[in-house]
Amino acid sequence: MNNIEALKEYAIENQVPIIKDAGLSFLLEQIKTYNIKEVLEIGTAIAYSAINMALVGPNITTIERDQKMYNEAIKNISDFNLENKIKVIYQDALETFPLIKDKTFDLLFIDAAKAQYQKFFNLYTPLLKKGGIVICDNLLFHDLVNKEDLSDLSRSLRSLIKKIRLFKEDLANNINFDTTFYDIGDGLSLSIKK
Ligand code: SAH
Ligand code: MG
């Protein structure tokens, strides 16, 4: 598949949780505004966001732990002839640090397991250049993060929502970053490293 609309439709039909249109526009806009050259993405899925980012310029290193997703990502990247711009690492992102610790990045895009955002953030922000940015997706989590009464949700979902709230709070209070939250798409944050 070498047509971005077809890739998006495939993802929607197969319930691959790709970034929403508004979130993607936001992400691509920041890549231009901040003149991003090197991206580290946590959570490749089928490489929909990685391909979209690579098509506007930067090199992408992206990490995926699910084998089926990884295989589809590799195939899609090859269909778009983007093997030179996108490197996919098949691993749990919590284990990948030693492999990439000598690289630096302008953008860290966190879009994997929502309960682990704090860990991803702590692990990979040291690889960000000064003035580099972090963008996190799904901080609204289908609007559940702003829901007051969580009593009708499952225990595991409640725990996840609380983790996302705590992550947002810590991010807002992190003095090493200037953070703004955007209630577009499924909720995004933009943090600039001071
Ligand atoms: N960024 C993609 C969507 C990613 S969906 C896009 O917008 O097109 C989230 C992906 O993160 C899933 O494919 C899931 O397998 C992967 N993932 C979740 N936790 C992970 C982890 N700890 N390490 C690596 N990949 C992870
Ligand atoms: Mg997402």
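The shown structure was predicted, so the numbers you read here are calculated from the model rather than taken from an experiment.

1. What about the packing of helix 1 (residues 4–13) against helix 3 (residues 48–55)?
Next, step 1: In contact at an axis separation of 10 Å, helix 1 and helix 3 are set at 160° when each is read in the N-to-C sense. Looking at the two axes, helix 1 sits roughly antiparallel to helix 3. Here helix 1 and helix 3 pass one another in a crossing that is left-handed. Between helix 1, through Ile4, Leu7 and Lys8, and helix 3, the contact on the second element is made entirely by Tyr48, Ile51, Asn52 and Leu55.
Next, step 2: Among the residues forming the contact of helix 1 with helix 3, the class breakdown is five nonpolar, one polar and one charged.

2. A few points about the coordination of the magnesium ion (ligand 2)
Next, step 1: The protein atoms that coordinate the magnesium ion (ligand 2) are Asp111 (OD), Asp137 (OD) and Asn138 (OD1), at distances spanning 2.1 Å.
Next, step 2: Going along the chain, you hit the donors of the magnesium ion (ligand 2) in the pattern D-x25-D-N.
Next, step 3: Owing to a relative accessible area of 3%, Asp137 belongs among the buried residues under this scheme.
Next, step 4: Classification of Asn138 by relative accessible area gives buried; the value is 14%.

3. Topic: the packing of aromatic side chains
Next, step 1: In this structure the tally under the stated criterion is six aromatic pairs.
Next, step 2: Measuring from centroid to centroid gives 4.9 Å for Tyr70 and Tyr90, while their planes differ by 25°, and the two rings are stacked. Here Tyr70 is found in helix 4 (residues 67–79), whereas its partner Tyr90 is found in strand 3 (residues 86–90), with 20 residues between them in sequence.
Next, step 3: Residue classification places Tyr90 among the partly exposed positions, given a relative accessible area of 39%.
Next, step 4: Through a chain of ring-to-ring contacts, the aromatic side chains of Tyr117, Phe121, Phe167 and Phe177 assemble into a single cluster.

Reading guide: rules and limits
- Residues numbered from 1 in each chain as written.
- Chains lettered and ligands numbered in written order.
- Predicted model: local features only at pLDDT ≥ 70, side-chain atom pairs only at ≥ 80, totals over all residues.
- Heavy atoms only, no water.
- Axes fitted to C-alpha atoms, helices over the stretch in contact; angles between N-to-C directions.
- Helix = DSSP H or I, 4+ residues; strand = E, 2+ residues; numbered from the N terminus.
- Parallel < 35°, antiparallel > 145°, perpendicular 65-115°, else oblique.
- Left-handed = near helix turned anticlockwise from the far one by under 90°.
- Contact = heavy atoms within 4.5 Å.
- Nonpolar A, V, L, I, M, F, W, Y, C, P; charged D, E, K, R; others polar.
- Donors = N, O, S within 2.8 Å, 3.2 Å for Na, K, Ca; no water.
- Buried < 20%, exposed > 50% of the residue type's maximum accessible area, 1.4 Å probe, protein only.
- Phe/Tyr/Trp six-rings, centres within 6.5 Å; stacked < 30°, edge-to-face > 60°.

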